[in-house]
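Each chain, written out:
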Amino acid sequence: MELDWLQKHHDLMESIIRFGNSYANAYRVQKNFGTELKFSAAQIQTLECVFESQFGGEKMSQMAKRIGVSKSAFSKNVNVLVEKGLLEKHQISSNFKDIYLKPTDEAYKVYLIYVEYVKNECFNEMFRIADTIKPSDKNSFIEILNTFSDSLEKHKTNKRIR
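This is a predicted model, so every value here is computed, not measured.

Rules used in this analysis
- Within any chain, residue numbers begin from 1 and follow the written order of that chain's sequence.
- At least 70 in pLDDT is required for a residue's local features to be given in this predicted model, at least 80 for side-chain atom pairs to be given and counted, and no such filter applies to totals for whole chains, interfaces and linings, which use all residues.
- Based on all heavy atoms of the structure, the side-chain values leave hydrogens and waters out of the count.
- The term salt bridge refers to a pairing of a side-chain nitrogen on Lys or Arg with a carboxyl oxygen on Asp or Glu at a separation within 4 Å.
- Numbering of helices and strands runs from the N terminus, with a helix taken as a DSSP run of H or I at least four residues long and a strand as a DSSP run of E at least two residues long.
- Categorising residues by exposure relies on relative accessible area from a 1.4 Å probe, with only protein chains included: less than 20% of the type maximum marks a residue as buried, more than 50% marks it as exposed, and the intermediate range marks it as partly exposed.
- Starting at the helix axis, one direction is taken to each C-beta atom, and the arc is that of these directions.
- The contact criterion used throughout is that any non-hydrogen atoms of two residues lie within 4.5 Å.
- Angles shown run from 0 to 180 degrees and are taken between the N-to-C directions of axes, each axis being a line fitted to C-alpha atoms and, for helices, limited to the stretch in contact.
- To sort the angles, those under 35 degrees are grouped as roughly parallel, those over 145 as roughly antiparallel, those from 65 to 115 as roughly perpendicular, and the leftovers as oblique.
- Helix crossings get a hand from a simple test, with the near helix turned counterclockwise from the far one by less than a right angle marking a left-handed crossing and a clockwise turn marking a right-handed one.
- All residues other than Ala, Val, Leu, Ile, Met, Phe, Trp, Tyr, Cys, Pro, Asp, Glu, Lys and Arg, Gly among them, are scored as polar; the first ten of these are nonpolar and the last four charged.
- For patches, a residue must show more than 30% relative accessible area and have no salt bridge; joins then use 9 Å for like charges and 5 Å for nonpolar side chains, namely Val, Leu, Ile, Met, Phe, Trp and Tyr.
- Under the convention used here, a 1.4 Å probe and the Shrake-Rupley method define accessible areas, while residue burial counts only the protein chains that appear.
- Positive charge is attributed to Lys and Arg, negative charge to Asp and Glu, and no charge count is given to His or to the chain ends.
- Throughout, a charge is located at the NZ atom of Lys, the CZ atom of Arg, the CG atom of Asp or the CD atom of Glu.
- To define a nonpolar core, start from buried Ala, Val, Leu, Ile, Met, Phe, Trp, Tyr and Cys residues and group those joined through side-chain atoms within 4.5 Å.
- Between 30 and 60 degrees the pair is tilted, below 30 it is stacked and above 60 it is edge-to-face, where a pair is any two Phe, Tyr or Trp rings, Trp via its six-membered ring, whose centres lie within 6.5 Å.

I tried to follow the pattern of salt bridges on my own but got confused; where do I start?
Pairs can form between side chains of opposite charge once their charged atoms are near each other. The final tally for this structure, using the stated rule, is five salt bridges. Of the charged contacts, one joins E116 and K119 as a salt bridge, the two residues approaching to 3.2 Å between their closest N and O atoms. Placement of both E116 and K119 in helix α5 (residues 105-130) is noted, with a separation of three residues, approximately one turn of the helix. Linking R128 and E125 is a salt bridge whose minimum nitrogen-to-oxygen distance equals 2.6 Å. Pair noted here: R128 and E125 are both in helix α5, with a separation of three residues, about one helical turn. Ionic contacts of the salt-bridge type, sharing partners, join the residues E52, E58 and R66 into one network.

Got a minute to help me understand helix α3 (residues 60-67) in this structure?
One turn of an α-helix holds 3.6 residues; hence residues three or four places apart share an orientation. Within α3 the residues assigned to the buried category are M60, M63 and A64. The buried side chains of α3 occupy one side of the element, clustering within an arc of 100° when seen end-on. Turning to α3, the residues buried within the fold contact α2 (41-53), α4 (71-83) and β2 (99-103). Backbone geometry just downstream of α3 places G68 in the positive-phi region, at approximately 75°.

Teacher, can you tell me more about the side chain of S40 here?
Of note, S40 is situated in the loop between α1 (10-26) and α2. The residues contacting S40, other than those within four sequence positions of it, are Y27, R28, V29 and Q30.

Before we go on, may I ask you to explain the packing of α2 against α3 in this structure?
For any two helices packed against each other, the geometry is given by the interaxial angle and the distance between the axes. One way to put it is that α2 packs onto α3 with a least axis distance of 10 Å and a crossing angle of 120°. Classed by the angle they form, the pair α2 and α3 counts as oblique. The handedness of the crossing between α2 and α3 comes out as right-handed. Contacts from Q45, T46, C49, V50, E52 and S53 in α2 reach M63, R66 and I67 in α3. When grouped by side-chain class, the residues that make up the contact of α2 with α3 number four nonpolar, three polar and two charged.

What should I look at first to understand a negative patch on the surface in this one?
Together, E36, E88, D105 and E106 make up a region of like negative charge exposed at the surface. By the secondary structure assignment, E88 is in strand β1 (residues 87-91). The class of E88 is partly exposed, set by a relative accessible area of 34%.

Please explain the nonpolar core as it appears in this structure.
Within soluble globular proteins, side chains that are nonpolar generally end up buried alongside one another. Within the largest apolar cluster, 25 residues are counted, with the highest numbers of intra-cluster contacts made by L47, M63, F74, L101 and Y114. Broken down by element, this core gets its largest block of residues, seven residues, from α2. The contact partners of Y114, leaving out residues within four places of it in the chain, are F33, T35, F39, I44 and E48.

Can you walk me through the packing of aromatic side chains in this structure?
The full count for this structure, using the stated rule, is 10 aromatic pairs. On the basis of an interplanar angle of 45° and a centroid distance of 5.4 Å, the ring pair of Y23 and Y27 is categorised as tilted. Exposure remark for Y23: the relative accessible area of 31% places this residue in the partly exposed category. Note on Y27: relative accessible area 12%, which makes it buried. A ring pair is formed by F33 and Y114, whose centres lie 5.4 Å apart and whose planes are at 80°; its orientation type is edge-to-face. Residue F33 is found in the loop between α1 and α2, and its partner Y114 is found in helix α5; the two are separated by 81 residues along the sequence. By relative accessible area, which is 9% here, Y114 ends up buried. Joined through ring pairs, the aromatic side chains of F33, F39, F51, Y108, Y111, Y114 and Y117 make up one cluster.

Here you go:
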């Protein structure tokens, strides 16, 4: 059966789907990434999000939305990172839901080791290729990915197929 509806975009969609499946398979796997601690891509994304927003007063629900995960998944990752000594939780008002997240000194050390590892193992080659792309083409690709992500967000449900 030929997939006519994909038309000339079959190779692009196949690559996006392959990436999505590869990422989904690796997303929750805990690995040391050159550090003594093991953590998953989901946990490191949570930590990066906290680094980026620690002075902006962003709520956990806003951070979760920004990286495209559920509030409960984000909260679970935060709790694991607290257990590992990489984040601290501080209440910032009488509302127990208003929690400020602060990276520990250890988080910065672990993160710097992680960055060197993933730069060398994953990103240097990808960035070398990305450097050859015209900014307008890169923006178009970003728009494609964001449009597809938005579409997936609209259609996701809480029910898992087994």
